[in-house]
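# Summary of structural features
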Amino acid sequence: MTKGPLATRRAGSGDDLRRSVRLFRSFLTEQTDPVGFYSLIAEDAVTLMSRHTTLAGKSVIDFGGGPGFYSEAFARHGARSVVVDADHAEITSHRRHPLSVQALAEAAPFGEGSVDIVFSSNLLEHVPDLPAVADRMASAVRPGGLVVLSYTAWLGPWGGHETSPWHYFGGHRAARRYARKHGKAPKNVFGESMYAASVAEGLRWARQSTTLELLEARPRYLPPWSRFLLRVPVVREFLTWNLWLVLRRVGNDRDTAEPKWGN
Ligand SMILES: C[S@@+](CC[C@H](N)C(=O)[O-])C[C@H]1O[C@@H](n2cnc3c(N)ncnc32)[C@H](O)[C@@H]1O
């Protein structure tokens, strides 16, 4: 290992902890200050990505990007980014109108290898076949480009989203309880728009890929030293919260891809 990264990690361990505390505290303000919350978490994602790539001049697809907070952060750092999201209401929520394509990630109109970076935050727990959708999204990246996927683990404390922590007693039961208490169905319905995504299946998908090299896997919101959790079956499902994966498409590198929507 080179001296630089090691020295940075040692010097930064207090910062890492403060970062995690800041992120977890910001989760409490998601409802009252969504713009502040999503802007913070998007900028944090850019910081995590900066270990592997710069964004300036890159083309990015933000799958499941909804109102585009991540895309906006990517653009602030010089990237051209487009949101691909299945739900028009999500794209236009918070009165935002990002450059977007309304489409399912698994059926998005992008050719193979058409962009530099494929990004997806918190989409994969909303699809029934995580590896298939991850494969489809990853296919849009050029050789040498990055695939950054992150999703909420079902057995984590926030696995049931707004039905948490009752999801520990079963997703359907948690949904029924939510409906009784709030007089309406939860936004994320287990078995319909939210599934039991495990850390194990994400890691298995990443490690088994023959077209992608795994560069980093870590619990997204926790300090980097928490990576060891991913080596502990069962425990990792409960403590990871959100799995962050960074992969590189193998093959002959090109500098940047010219996206179909670019000019
Ligand atoms: C929990 S939100 C995540 C929003 C944002 N990426 C974030 O991390 O805050 C999940 C988003 O994924 C979208 N989505 C769910 N399933 C999808 C699919 N199969 N294809 C495209 N978008 C999907 C939803 O419409 C929603 O905007």
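For every chain, the first residue of the written sequence is number 1, and numbering continues from 1 along that sequence. Local features in a predicted model are, by the rule used here, given only for residues with pLDDT of at least 70; side-chain atom pairs are given and counted only at 80 or more, and totals for whole chains, interfaces and linings are based on all residues.

## Quick notes on the overall build of the chain
Heads up, the rule is: Secondary structure elements are taken from DSSP: a helix is a run of H or I of four residues or more, a strand is a run of E of two residues or more, and numbering for both begins at the N terminus. Put simply, the radius of gyration uses C-alpha atoms, and a globule should come to 2.2 Å times the residue count raised to 0.38. Here a residue counts as buried when 20 or more other C-beta atoms sit within 10 Å of its C-beta, as exposed when there are 12 or fewer, and as partly exposed otherwise, the C-beta atoms being derived from the backbone. Contact between residues is assigned whenever the C-beta positions, reconstructed from backbone atoms, fall within 7 Å.
What the chain contains, in helices and strands, is nine helices and seven strands. At 18 Å, the chain has a C-alpha radius of gyration in line with the 18 Å of a compact globule built from 263 residues. Taken over the C-alpha atoms alone, the chain extends approximately 55 × 40 × 35 Å along its principal axes. Among the 263 residues that make up the chain, the fraction classed as buried is 40%. Taking all contacts inside the chain whose residues are at least 6 apart in sequence as the whole, residues at least 24 apart take part in 64%.

## Here's the deal with the site of the ligand
Here is the rule we go by: Here, nearness is defined through the C-beta atom: a residue counts as near a molecule or strand if that backbone-placed atom lies within 6 Å of it. Residues are grouped as follows: nonpolar covers Ala, Val, Leu, Ile, Met, Phe, Trp, Tyr, Cys and Pro; charged covers Asp, Glu, Lys and Arg; every other residue, Gly included, is treated as polar.
Taken together, 17 residues lie near the ligand, and Gly64, Gly66, Asp87, Glu90 and Ser121 sit nearest. Partitioned by chemical class, the residues of the shell around the ligand number seven nonpolar, six polar and four charged.

## A look at the domain arrangement of the chain
As a reminder of what qualifies: Annotation comment: domain bounds sourced from an automatic or database domain assignment.
One can read the domain layout of the chain as domain 1 (3-155 + 196-249) and domain 2 (160-193). Put simply, the middle of domain 1 and the middle of domain 2, counted by C-alpha atoms, are 24 Å apart.

## Some thoughts on the packing of helix α3 (residues 34-49) against helix α4 (residues 69-76)
The description of two helices packed together rests on the angle between their axes and the distance between the axes. Rules: Helix axes are fitted only over the stretch in contact, all axes being lines through C-alpha atoms; the angle between N-to-C directions runs from 0 to 180 degrees. Throughout, the term roughly parallel applies to angles under 35 degrees, roughly antiparallel to angles over 145, roughly perpendicular to angles from 65 to 115, and oblique to all others. In a left-handed crossing the near helix is turned counterclockwise from the far helix by less than a right angle, and in a right-handed crossing that turn is clockwise.
Interaxial distance between α3 and α4 falls to 9 Å at its minimum, and their mutual angle equals 50°. With respect to α4, the element α3 is oriented oblique. Every pair of crossing elements has a handedness; the one defined by α3 and α4 is right-handed. Contacts from Tyr38, Ser39, Ala42, Glu43, Ala45 and Val46 of α3 reach α4 at Phe69, Tyr70, Glu72, Ala73 and Phe74. Among the residues forming the contact of α3 with α4, the class breakdown is eight nonpolar, one polar and two charged.

## With respect to the confidence of the model for the chain
For clarity, the threshold we go by: Per residue, pLDDT measures the predictor's confidence, with a range of 0 to 100.
Taken as a whole, the chain shows an average pLDDT of 92; of its residues, 93% reach a score of 70 or greater. Of the regions scoring below 50 in pLDDT, residues 1-9 engages in two contacts with residues more than four places distant in sequence or in other chains.

## Side note on the sheet that holds strand β6 (residues 212-219)
Filter applied, for reference: The pairing criterion is simple: DSSP has to find at least two bridges between the two strands.
Taken in spatial order, the seven strands make up an open sheet running β3-β2-β1-β4-β5-β7-β6, and their pairing is mixed. Both edges of this open sheet fall to β3 (100-102) and β6, since each of them pairs with a single strand only. Averaged over neighbouring strand pairs, the angle between their axes works out to 15° when direction is ignored. Pairing of strand β2 (residues 80-85) with β3 involves three bridges; the strand directions are parallel. Counterpart to Val84 in the pairing with β3 is Val101. Sitting on the sheet, helix α8 (residues 199-208) is in contact with β5 (141-152), β6 and β7 (242-249), with an inclination near 5° to β7.

## As for the pairing of β7
Across the eight residues of β7, seven count as buried, placing the element largely inside the fold. As paired strands, β5 and β7 are joined by seven bridges and run antiparallel to one another. Counterpart to Leu146 in the pairing with β7 is Arg248. Bridge analysis of β6 against β7 gives seven bridges, and the strand direction is antiparallel. By the bridge assignment for β7, Glu216 is matched with Val246.

## As for α8
Which entries qualify depends on this criterion: When we speak of the arc, we mean the arc of directions from the helix axis to the C-beta atoms.
Listing the buried residues of α8 in full gives Val199, Gly202, Trp205 and Ala206. Down the axis of α8, the buried set is contained in an arc of 135°. They therefore lie on one face. For α8, the exposed residues lying more than 90 degrees away from the buried face are Arg207 and Gln208. Buried residues in α8 make contact with α6 (130-138), β5, β6, α9 (235-239) and β7.

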